[in-house]
Amino acid sequence: MMIKLQSLIDTHEQAFVVIDRDYRIVAANRRYCDAYGTSSETIVGQHCHAVSHHSDRPCHENGELCPHQALFKQGEAVEVLHTHFHADDQPERTRIRGHRLHGDNGELYLGEQMFPLEAEAGSVCDAMQMVGRSPAFSPASTRLARVAESEASILLFGESGVGKELAARFIHARSSHKNGSFIVINCAAVPENLFESELFGHERGAFSGSSGQKKGLFELADGGTLFLDEVGEIPLHLQAKLLRVLETGEFRRVGGTHTLTANVRLVSATNRRLLDEVDTKRFRLDLYYRVAGIDVTLPPLRERTEDMPELAAYILKRLIGSQGSCRLDAGAIAALRAYDFPGNVRELRNLLQKAVLNCRDGVISAADLQLPVAYAPAAQTAHTAPLQGESPQSLPALERAHIQRLLDTHQGHRARVAAVLGITERTLYRKLKHYGLS
């Protein structure tokens, strides 16, 4: 049975682990093992809470809603938010989706599928450096350094993949809150019914399954910085509660009666024009003015072609580490400069990561990069035609064509396309609807 189960979970792109009634791991896919720095042989037999929580007791005994207890005590497969600790003791907010699994003998198992809420740190975010000196980028980096000294809320605007989390970490590291925690939440990845509890915490018995007290992200970020990524995705009915906290600094846990306070520096990010969202009644104007005390626009990579050699070299160094050296030849650099990069720096990193595997004698050529077919009007087909009123080389037409190519490459698998683009499936769905793609 375990061999069959292992082959099944190995098909999952997300981390997936199978747990028995006694909290012991009976199977884990490669993604899960890599995340926790161990092998499948080592991890099988360990208690799940020891691996993911670094705790000697189950998470429900520490006040968290536990998928294991929900399944084996209440018979429910639930979705929760937890803080997990990787092998390097770094915390990561994770959305966990529970699944009911049965063995050949009818034995019940818990399957946990994991979705990290924080944007992937990758090779550029973890070093908290801003690489680039181009005329498009230098003013933005200078402005970030100046606003870091302010106590005002910051709104970062830019296309997906330009490095908004990197910019937020850059601000935090240079602010008066630098000695506090830097807490990240991807607002698009949090289920609506868990959002309030995630931000403000909850008390024991606040809702079905809440067996203990839980601190919210505002409490965890006290004295530090809270980064709201994709802030435009916050449900409208919860925006008023967030506004009150930002105005007063006071909040209550869900189900609580005591007023709490937190000194938090707020940095938000979006790839959507929030004032347009205000016009369509999807975002509150008063909340906009609270999160956008100072706004900073980060330029897309196609406007920073002068930075390409330095940026690519830096990313390669982070990818390879001490294992060797790898550089781009002149043809590869020219090819990167000619490409429009709809996915920006995140897409550049993905391309370089694949190119490293094809690197021979320490040199990456243009062919090693495996760039998508360059967009050209002559190459358009019926399904990549621009929208009415667009010029053939407009950005929307380019993005539409790029998404269609990815859909073709991945046989319409939305999760994979969203991962390549570095966006959530919800954002991808909105783009597919806008461009009339299926």
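Let me begin by describing the structure that accompanies this report. These figures come from a predicted structure and were not determined experimentally. Starting afresh in each chain, residues are numbered from 1 along the sequence in its written order. With pLDDT at 70 or above as the cut-off, local features in this predicted model cover only qualifying residues; side-chain atom pairs require 80 or more to be listed or tallied, and sums for whole chains, interfaces and linings still use all residues. The side-chain quantities take in all heavy atoms of the structure and omit both hydrogens and water.

**Digging into the nonpolar core**
Buried Ala, Val, Leu, Ile, Met, Phe, Trp, Tyr and Cys residues that are joined via side-chain atoms within 4.5 Å together make up what is termed a nonpolar core. The classification of residues rests on relative accessible area computed with a 1.4 Å probe and restricted to protein chains. Under 20% of the type maximum is buried, over 50% is exposed, and intermediate values are partly exposed. L199, F218, L226, L228, I234 and L242 are the most contacted members of the largest nonpolar core, which totals 33 residues. In this description a helix means any DSSP run of H or I spanning at least four residues, a strand means any run of E spanning at least two, and both kinds are numbered starting from the N terminus. Looking at this core, the elements with two or more residues in it are β7 (182-186), α9 (195-200), α10 (217-220), β10 (225-229), α11 (236-248), α12 (274-279) and α13 (285-291). Among the elements that make up this core, the one with the highest residue count is α11 (5 residues). Two residues form a contact once any of their heavy atoms are found within 4.5 Å. For L226, the contacting residues outside a window of four places in its chain are I183, I185, L217, F218, A221, V264, R265, L266 and V267. Formed by 24 residues, the second largest nonpolar core is a distinct cluster that contains Y314, L316, L336 and Y339.

**Side note on the layout of surface pockets**
Definitions used for this entry: grid spacing 1 Å over protein atoms alone; cavity, a set of points where a 1.4 Å probe fits but cannot get out; pocket, an open set with protein on both sides within 12 Å along at least 5 of 7 lines; lining residue, one with an atom within 4 Å of a point. Grid points are joined across faces, edges and corners, and a volume is the space filled by probe spheres set on the points. Estimated volume of the second largest pocket: approximately 850 Å³. Contributing to the lining of the second largest pocket are 30 residues, with E159, N271, E399, K431 and Y435 lying nearest its centre. Among the elements of the structure, α12, α18 (395-409) and α20 (425-435) are those that each provide at least two residues to the lining of the second largest pocket. In the scheme used here, Gly and all other residues not listed as nonpolar or charged are polar, with Ala, Val, Leu, Ile, Met, Phe, Trp, Tyr, Cys and Pro taken as nonpolar and Asp, Glu, Lys and Arg as charged. Broken down by class, the residue content of the lining of the second largest pocket amounts to 12 nonpolar, 8 polar and 10 charged.

**Looking at the packing of helix α7 (residues 138-148) against helix α8 (residues 164-173)**
Angles shown run from 0 to 180 degrees and are taken between the N-to-C directions of axes, each axis being a line fitted to C-alpha atoms and, for helices, limited to the stretch in contact. Running from N to C, α7 and α8 cross one another at 40°; their axes reach a closest spacing of 8 Å. By the criterion of interaxial angle, the relationship of α7 to α8 is oblique. Considering how the two elements wind past one another, α7 and α8 form a crossing that is right-handed. Facing α7, whose interface residues are S141, L144, A145, V147 and A148, α8 presents A167, F170 and I171. Comment on the angle field: the value is read as roughly parallel under 35 degrees, roughly antiparallel over 145, roughly perpendicular from 65 to 115, and oblique elsewhere. Note on convention: the crossing is left-handed when the near helix lies turned anticlockwise from the far helix by less than a right angle, right-handed when the turn is clockwise.

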